[in-house]
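Close look at the chain arrangement
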Amino acid sequence: MQPQVSLRKRLSISLIMLLGLCATLATTYWYHLEQGFARIQPLANRQLTEVINFIDGALIRYESIPHVLSTNPMLASALAHSDNLEEIRHINRYFEEIQHVTEASDIYLLNSHGDAIAASNWQKSYSFIGQNYAFRPYYTEAIAGRLGSYYAVGTSSDTRGFYFSYPIVEKGKVLGIIVVKVDIADIEEQLTGLAKAGQYELAISGLDHVIFLASMDSWRLKSLTPLTDEAQNEIYQSRRYANRIISALSVKPPYDITHSNNRALYHIAHDDGREEFLDTRGTMIKAGWDVHVLTPVKPLYASLPLTLLLAASVFLLLGLGLMFSLERRKNMRRMQQAHNLLEMRVKERTQELESANIKLQETQDELVQAAKLTVIGSLSASINHEINQPLAALRSYAQNTQTLLQRDMQDKAKENLSTIISLADRLAEIVAQFKSFTRKSQGQEKANSLNDTLGEALTIVNPEIVKQHIELRLSLPEQPVSFFGDKVRLQQVLVNIISNAIVAMQQVDYRLLTISVTQSDKLQIQIKDSGPGVHESQMEKIFEPYFTTSQRQGLGLGLSISRRIIESMNGTISVANAAEGGAEFVILLPLCPENNQG
Ligand code: ADP
C-alpha cells in the first residue's frame, strides 16, 4: 500500500513539475518575444518615418517643375505649331538641358491627344517622341486642368518612374501637357542603402498591392497578395507595369490588406530563402503608396534558447529547492515524532528499570540477609556453646547463692550475685552482637572504627575459632583506624571470610588464622589461613554467585556479596594462595578522611 501511495505521489509531483516547466517556458517565450517586439517596434516606426520623409523629400523636388515649365510660352507656341520642326528641336534641347540640371529622368511634351511631340530623350533609342500616352492617368488628370502624378514602368524605356504632369493652358484652353518623369531606381538605391544600414528590408506597394520599389530584388513588381484574373487584367489594361504579368510573392500567412491585426508577422520568400518579418506600414496618400519597413525577427529568436534554458534552470532550481525544503520539513517533523516516541519509550523503560531496580535491591537485601543467616547457622553450634556456658555458670551460681543464703552467708552470696550480674551482662553483650549482625542494614554510611568493627566480627566467629582450636594472630596498627561506610556490611564481609577460613582449616591439623590491618595510601585488611588454599582454576569463580564447595548449608553467595559490598565502598577484594600455603584474602579500602587527619 505504502509504495503505491509514494509512487502515485511521485508521479503527481513529476506531472506538476512538468506542467510548471511547460508554463514557465511558454511564459518566458511569450515574454521574451514581447520584450523584443517592444524594443524593435519604436525603432521600426522611426525608420518608417525616415523612409517616408526621404521619399517625400525626393519627389517634392520634382513636383513643381512641370508647373514652372508650363508657363514657358515657347511650349504653348510649339503645341500650336507642332509641325514646326525647328521649334520642336529647340524645345527638345531645352528639355534636355532642364533634365540635366534637375536630374529628372525624362521631360516631355504631349499634345492634347496625348502624343509626345518633344522630349528630353529625343536622341535616345527609346525616345518618347511619337508615342501616345493618353492612356496614362497623368494625362487624364492634367488634361482636366490639374496637376497629375502617377507611378509606372515606362512603356518605351521599361524603367520605373514617378510622373508629374501639368496642363499648358492658353486662353482657358488646355493645349497640351508637360510631363516630368523621375527615375525611381535612384531613389530605390538610396533607400536600399538606408535599409541595409538599419538592418531592415523595405517595400513600397501601391493600392493594387504590387510592390513598386523594394530593397530586395526578388520582391520588385510582385504582388503582396495573389491577384484574381480580373485584377490581373485590370493591371494589364492600365499598362502601369508596361506589358508585365504580375505574379504574387510567397507570403505566409496571406497578406492582410485590411491591416486588421496589430502585429503583422509574415514569412516572406526572398533572394536568400524565406524569413519572418515584422511589417510596419505607413501610407503616403498623395503618392498612393504603402511603405513597409520589414524588420527581420530572427535576431529575437537567437537569444531565445539561452533565455529558455535559463528560465528552465531557475524553475527547476526553485522547484527542487521547494521540494527539498518541504521534504526537509517533513523529515524534521518525522524526526521530531520519532524523538518524542523515543523519549516516551525511554521514560517508560526508565520507570520499568527503576521499579526493577527497587525490586532487585529488595532481592539483594534479602540475599544479603539470607547469606548472613547462613553464616550464623553455620556458627550456631559454637554460638550455642558460647551462650550455654554462661547460662550453665549462671545456673550453678544461682544454686550456690541459694545454699549460701540458707546458711546465712550473706557476704559470699553477695559476691555470687555480682558474678551472676556480670555473667548476665556478658550474655546480653553476646546476644546484642548477634542482634546487631543479623538485623537488616539501614545502609547508613559514615566513618566507623575498623578496630571496633573487626572486634565485633570476631565476637561472632570467636566461639567457632575456639571450638576448632584455631590460633588467631591479630596485628593492628598502633593508632585505631577508621573506614567510611556501613559498619554492619563490613562486619558481614569479615565474618564471611573468617568463617570460610575456619571451614577450610577443618581439613588440616595446623590451624593458624592471621588478620593484619595496615594503612598506607589505602586501608588494607589481610586475612590469611593455613588451610589448603583455593584451587588455581577456582580463583575467580569463588566470587561468582552460587559457587560453593561447601557440603554444609553454604549458599555460595558469601563471597559474591562480600565483593559487591566492598566495591560499593569503592574498594577491592582479591584472593591469592600464600607461599607457605593457605588462602590469603586482601581487602583494600579508600582511606577515611578522618584517618588522613589522624
Ligand atoms: P560458601 O561459603 O557458602 O560456599 P562463599 O561464596 O563464601 O560460599 O565461598 C565460595 C567458595 O569459595 C567456598 O565454597 C570455597 O570453595 C571457597 N573458599 C572460600 N574461602 C576459602 C578459603 N579460605 N580457603 C579455601 N577455599 C575457600
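Residues numbered from 1 in each chain as written. Predicted model: local features only at pLDDT ≥ 70, side-chain atom pairs only at ≥ 80, totals over all residues. Heavy atoms only, no water.

With an unreviewed UniProt entry as reference, the protein is termed histidine kinase, source organism Shewanella avicenniae. Database annotation for the protein, UniProt heading Catalytic activity (unreviewed entry): "ATP + protein L-histidine = ADP + protein N-phospho-L-histidine." (UniProt positions renumbered as here; feature names shortened; annotations may be inferred.)

**Considerations on the overall build of the protein**
From N to C terminus, the protein includes 14 helices and 18 strands. What you see for the protein is a C-alpha radius of gyration of 69 Å, clearly larger than the 25 Å of a compact globule of 598 residues, by over 25%. Projected onto the principal axes, the alpha-carbon positions of the protein cover approximately 215 × 50 × 45 Å. A separation of at least 24 residues holds for 61% of the contacts in the protein among residues at least 6 apart in sequence. (Helix = DSSP H or I, 4+ residues; strand = E, 2+ residues; numbered from the N terminus. Rg over C-alpha atoms; globule rule 2.2 N^0.38 Å. Contact = heavy atoms within 4.5 Å.)

**Overview of the UniProt feature "transmembrane region" (unreviewed entry) in the protein**
The positions that UniProt labels "transmembrane region" (unreviewed entry) are, in the present scheme, residues 300–326. Taken end to end, residues 300–326 has its terminal C-alpha atoms 38 Å apart, with 96% of it in helix and 0% in strand.

**As for the site of the ligand**
Residues in close proximity to the ligand total 19 residues, the closest being Asn500, Asp529, Thr548, Thr549 and Leu559. Take Asp529: an N or O atom from its side chain is 2.7 Å from a nitrogen atom of the ligand. The backbone of Leu559 places a nitrogen or oxygen atom 2.8 Å from an oxygen atom of the ligand. When the ligand is considered free in solution it has 530 Å² of accessible area, and contact with the protein chains removes 89% of it. Counting only elements with at least two residues in the shell around the ligand, the list comes to helix 12 (487–505), helix 13 (558–568) and strand 18 (583–590). The greatest single-element share of the shell around the ligand, amounting to three residues, is contributed by helix 12. When its residues are assigned to classes, the shell around the ligand shows 10 nonpolar, eight polar and one charged. (Near = heavy atom within 4 Å. Polar contact = N/O pair within 3.5 Å; in protein donor to acceptor, adjacent residues only side chain to side chain. Areas by Shrake-Rupley, 256 points an atom, 1.4 Å probe, with all protein chains shown as cover. Nonpolar A, V, L, I, M, F, W, Y, C, P; charged D, E, K, R; others polar.)

**Considering the nonpolar core**
Membership of the largest hydrophobic core comes to 53 residues, with the highest contact counts inside it found for Ile55, Leu109, Phe162, Leu202, Tyr241, Trp289 and Val291. When residues in this core are grouped by element, the largest group, eight residues, is from helix 1 (residues 2–63). Not counting residues within four places of it along the chain, the set of residues in contact with Leu202 comprises Val51, Leu191, Ala195, Leu213, Ala214, Ser215, Trp219, Val291, His292 and Val293. Listed in part, the 50 residues of the second largest apolar core include Ile376, Ile430, Leu450 and Ala501. (Core = buried A, V, L, I, M, F, W, Y, C linked by side-chain atoms within 4.5 Å. Buried < 20%, exposed > 50% of the residue type's maximum accessible area, 1.4 Å probe, protein only.)

**Re the sheet that holds strand 18**
Spatial strand order, 13-15-16-18-17: five strands in an open sheet with mixed pairing. Each end of this open sheet is capped by a strand with a single partner; those strands are strand 13 (471–475) and strand 17 (572–577). Each strand axis lies, on average, 15° off the axis of its neighbour in the sheet, ignoring direction. Bridging between strand 13 and strand 15 (residues 512–519) involves five bridges; their strand directions are parallel. In the sheet register, Leu474 faces strand 15, and the bridge partner there is Ile515. In this fold helix 11 (residues 450–467) packs onto strand 13, strand 15 and strand 16 (522–528), with an angle of close to 175° to the strand it touches most, strand 15. (Pairing = 2+ DSSP bridges. Axes fitted to C-alpha atoms, helices over the stretch in contact; angles between N-to-C directions.)

**Focus on the side chain of Asn121**
Among the structural elements, Asn121 can be located in the loop between strand 2 (116–119) and helix 5 (137–143). Since its relative accessible area comes to 2%, Asn121 is described here as buried. There is a polar contact of 2.9 Å between the side chain of Asn121 and the side chain of Asp106. Reaching out from Asn121, the side chain makes a polar contact with the backbone nitrogen of Phe128 at a distance of 3.2 Å. If near-sequence neighbours (up to four positions away) are discounted, Asn121 is found in contact with Asp106, Tyr126, Ser127 and Phe128.

**Looking at the packing of helix 10 (residues 410–438) against helix 11**
Direction vectors running N to C along helix 10 and helix 11 enclose 110°, while the axes themselves pass 10 Å from each other. Judged on the interaxial angle alone, helix 11 and helix 10 are roughly perpendicular. Only Glu456, Thr459 and Ile460 of helix 11 make contact with helix 10, whose side of the interface consists of Gln433, Phe434 and Phe437. By residue class, the composition of the contact of helix 10 with helix 11 is three nonpolar, two polar and one charged. (Parallel < 35°, antiparallel > 145°, perpendicular 65-115°, else oblique.)

**Points about a nonpolar patch on the surface**
Residues Ile13, Leu320 and Met323 make up a contiguous nonpolar surface patch of about 240 Å² in total accessible area. Considering the arrangement of structural elements, one finds Leu320 in helix 9 (residues 304–406). When its relative accessible area of 49% is taken as the criterion, Leu320 is described as partly exposed. (Patch = residues over 30% accessible without salt bridge, like charges linked within 9 Å, V, L, I, M, F, W, Y side chains within 5 Å. Salt bridge = Lys/Arg side-chain N within 4 Å of Asp/Glu carboxyl O.)

**Focus: the packing of aromatic side chains**
Under the definition given, this model contains 18 aromatic pairs. Between Phe212 and Trp289, the aromatic rings sit 6.2 Å apart at their centres with planes inclined by 35°, giving tilted as the arrangement. Taken as a pair, Phe212 in strand 7 (residues 211–214) and Trp289 in strand 11 (residues 289–296) lie far apart in primary sequence, 77 residues in all. Here Phe212 matches Trp289 in class, with each residue buried. Between Tyr255 and Tyr266, the ring centres sit 4.9 Å apart and the planes meet at 35°, which makes this aromatic pair tilted. Here Tyr255, found in the loop between strand 8 (251–252) and strand 9 (265–270), pairs with Tyr266, found in strand 9; they are 11 residues apart in sequence, far enough to count as distant. (Phe/Tyr/Trp six-rings, centres within 6.5 Å; stacked < 30°, edge-to-face > 60°.)

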